[in-house]
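Summary of the model geometry
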Amino acid sequence: MLNIVNKLIENKSIEKDEMIYLLKNRDISIDKILADKASEIRNNNFGNKIYIRGLIEFTNYCKNGCYYCGINKSNKNAQRYRLTKQEILECCKQGYSFGFRSFVLQGGEDNFYSDRDIEDLVYSIKEKYDDCAVTLSIGEKSYESYLAYFNAGADRYLLRHETADPNHYKMLHPKDMSLENRKKCLYNLKEIGYQTGCGFMVGSPYQSFENIAEDIEFIKELKPHMIGIGPFISHKDTIFSEFKNGSAELTLFLLSILRIMMPRVLLPATTALATLDPMGREKGILAGANVLMPNLSPVSVRKKYSLYDNKICTSDEAAECNMCLRNRVKSIGCEIVEQRGDYSEE
Ligand code: SAM
């Protein structure tokens, strides 16, 4: 076991079968060795800086039927909403005053917004806040659409691949969705020049250690600039309501693996992780994460963007969240910085 750990630390990579062995046999002492190493690498690359991205969940309408997701189109109990351009700009204004220099526009796949609408939104944010980065996370689109948003000023795009195993993908999604298209989108985004993020849920229904090892193989191949991983958390109104939640510990272990493999990658400690463990953000950073994505959506809609049950921070005002987060980060010797936090090779 320790020889695999040492190989990972020295070569920044191990083979797929070694990863499966590690996943099957890890224990607290291995997790600790990896977290300490990952934390050291984070520190060597970013100092004690933690980047923040203001998440604006601007629509919960979605044309897709992902089985795990609380805002999937079949959930008749979801209270649907859309934010207006004015409301979105108001979120940015507030975020900017708190020191955010990076905004993420996330939503269901909602065709109500035309490409022109998205371009206009991106352009308007960049016009007002030209020192800020804009990230889109609005799902699978054509090459032309991605290019149009990029030309309007979008800097980054988050599109989790969800699982790199085609059979597992089919177990999580309806027939009209495919891993092939998801991957194609990711390669298109990279080609266009976006800082691109992929990722997956840890402990999603039917996920095996082999699947996770395959996710890591895909990440090695894609070489993304950002990786979003968080535990699967069941949602009461989905067909996966009876499945058990993913594990916070396994998520932390994987954060460490990813940091060791990709020292410069932008790696968030996600809200899902903090939902399962009240200290998830701190533990995530101590396991190698260097990004936090607090919610900037208006409090009136936060509960409605319900991807999974018991999501945290849905009733806190943005100012409260901001203070809380800064104190949490300080408590572990790190500091939130007022920077875009772009990906760079060094
Ligand atoms: N529609 C866009 C897309 O498909 O990329 C962005 C929004 S989507 C809701 C954002 C992410 O939420 C998904 O990529 C998925 O990994 C995560 N998510 C959805 N349901 C979840 C659940 N039950 N537990 C944990 N994460 C979940």
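Residues numbered from 1 in each chain as written. Predicted model: local features only at pLDDT ≥ 70, side-chain atom pairs only at ≥ 80, totals over all residues. Heavy atoms only, no water.

**Examining the overall build of the chain**
Here is the rule we go by: Comment: elements are numbered from the N terminus, with helices defined as DSSP H or I runs of at least four residues and strands as E runs of at least two. Here the globule rule is a power law, 2.2 Å times the number of residues to the power 0.38, and the radius of gyration is based on C-alpha atoms. Between buried and exposed lies partly exposed: a residue is buried under 20% and exposed over 50% of the maximum accessible area for its type, with that area taken using a 1.4 Å probe on protein chains only. Every residue pair with non-hydrogen atoms within 4.5 Å of one another is taken to be in contact.
Per the secondary structure count, the chain includes 14 helices and nine strands. By the compact-globule yardstick of 20 Å for 346 residues, the chain fits well, its C-alpha radius of gyration being 19 Å. For the chain, the spread of C-alpha atoms along the principal axes amounts to about 55 × 45 × 40 Å. Scored against the burial criterion, the 346 residues of the chain give a buried share of 59%. Here the contacts in the chain between residues at least 6 apart in sequence split such that 75% fall between residues at least 24 apart.

**A look at the site of the ligand**
The criterion, for reference: When we say a residue is near a molecule or strand, we mean one of its heavy atoms is within 4 Å of it. Any pair of nitrogen or oxygen atoms within 3.5 Å is treated as a polar contact; in protein, a donor-acceptor pairing is required on top of that, and neighbouring residues in sequence qualify only through side-chain atoms on both sides. Here the open area of atoms and residues is found with the Shrake-Rupley method and a 1.4 Å probe, where only the protein chains shown may cover a residue. As defined here, a cavity is a set of points on a 1 Å grid over the protein atoms alone where a 1.4 Å probe fits but cannot get out. A pocket is an open set with protein on both sides within 12 Å along at least five of seven lines, and residues line them when an atom is within 4 Å of a point. Each molecule is checked against the cavity or pocket grid, and it sits inside if more than half of its atoms lie within 2 Å of the grid points.
Taken together, 18 residues are adjacent to the ligand, and Tyr68, Gly107, Arg160, Glu162 and Ile233 come closest. Here a nitrogen atom of the ligand and a backbone polar atom of Gly107 are 3.0 Å apart. The separation between a nitrogen atom of the ligand and a polar main-chain atom of Ile233 is 2.7 Å. Here the ligand loses 93% of its free accessible area of 560 Å² to cover by the protein chains. Spatially, the ligand is embedded in the largest cavity.

**Considering the nonpolar core**
Rules: Residues grouped as a nonpolar core are buried Ala, Val, Leu, Ile, Met, Phe, Trp, Tyr and Cys residues, joined through side-chain atoms within 4.5 Å.
Among the nonpolar cores identified, the biggest contains 97 residues, and Ile56 and Leu254 are the most heavily contacted of them. Counting residues per element, this core draws most heavily on helix 10 (residues 248-261), at 10 residues. Core analysis: the second largest hydrophobic core is formed by 10 residues, Tyr51, Leu55, Val104 and Met293 among them.

**A look at the environment of Leu292**
By the secondary structure assignment, Leu292 is in strand 8 (residues 291-292). Accessibility expressed as a relative area gives 1% for Leu292, which makes it buried. Excluding its chain neighbours within four sequence positions, the residues that come into contact with Leu292 are Ile50, Tyr51, Ile52, Arg53, Ala269, Arg281, Ile285, Leu325 and Val329.

**Some points on the packing of helix 3 (residues 28-46) against helix 10**
Note the following rule: Lines fitted to C-alpha atoms define the axes here, with helix axes fitted over just the stretch in contact, and angles between the N-to-C directions of these axes take values from 0 to 180 degrees. Just so you know how the angles are binned, under 35 degrees is roughly parallel, over 145 roughly antiparallel, 65 to 115 roughly perpendicular, and the rest oblique. The hand of a helix crossing depends on one turn: near helix anticlockwise from the far one by less than a right angle means left-handed, and clockwise means right-handed. Think of it as three bins: nonpolar holds Ala, Val, Leu, Ile, Met, Phe, Trp, Tyr, Cys and Pro, charged holds Asp, Glu, Lys and Arg, and polar takes everything else, Gly as well.
As a packed pair, helix 3 and helix 10 sit with axes 8 Å apart at the nearest point and diverge in direction by 45°. Classified by the angle their axes make, helix 3 and helix 10 are oblique. Crossing of helix 3 against helix 10: the hand is left-handed. For the pair formed by helix 3 and helix 10, the contact residues are Asp31, Leu34, Ala35, Lys37, Ala38, Ile41, Arg42 and Phe46 on the first element and Glu249, Phe253, Ser256, Ile257, Arg259 and Ile260 on the second. Looking at the contact of helix 3 with helix 10 residue by residue, the class counts come to eight nonpolar, one polar and five charged.

**Observations concerning the environment of Ile192**
Relative to the elements of secondary structure, Ile192 occurs in helix 8 (residues 179-192). Taking relative accessible area as the criterion, Ile192 reaches 11% and is therefore assigned buried. Sequence-wise, Ile192 and Tyr143 are 49 residues apart; in three dimensions their C-alpha atoms are separated by 8.4 Å. In contact with Ile192, not counting residues within four places along its chain, are Tyr143, Tyr146, Leu147 and Phe150.

**Comments concerning empty space enclosed by the protein**
Heads up, the condition is: Grid points are joined across faces, edges and corners, and a volume is the space filled by probe spheres set on the points.
A complete count under the given rule lists three cavities of 30 Å³ or more for this structure. There is about 980 Å³ of room inside the largest cavity. Elements that contribute at least two residues to the lining of the largest cavity include exactly strand 2 (54-59), strand 3 (102-107), strand 4 (133-137), strand 6 (195-202), strand 7 (226-231) and helix 11 (271-276). For the lining of the largest cavity, the leading source of residues is strand 7, giving four residues. By volume, the second largest cavity is sized at about 120 Å³. Counting residues per element, the ones that place at least two in the lining of the second largest cavity are strand 2 and helix 14 (318-331).

**Looking at the sheet that holds strand 6**
Selection criterion: Strands were regarded as paired on the criterion that DSSP finds at least two bridges between them.
Across the sheet, which stays open at both edges, the six strands sit in the order 2-3-4-5-6-7 with parallel pairing between neighbours. Of all strands in the sheet, those with a lone pairing partner are strand 2 and strand 7, marking the two edges. On average, each strand axis in the sheet is inclined to that of its neighbour by 20°, with strand direction left out of account. Examined bridge by bridge, strand 5 (residues 156-158) and strand 6 share three bridges and lie parallel to one another. Within strand 6, the position partnered with Leu158 by the bridge is Gly197. Sheet contacts for helix 8: strand 5 and strand 6; angle to strand 6, the most-contacted strand, approximately 155°.

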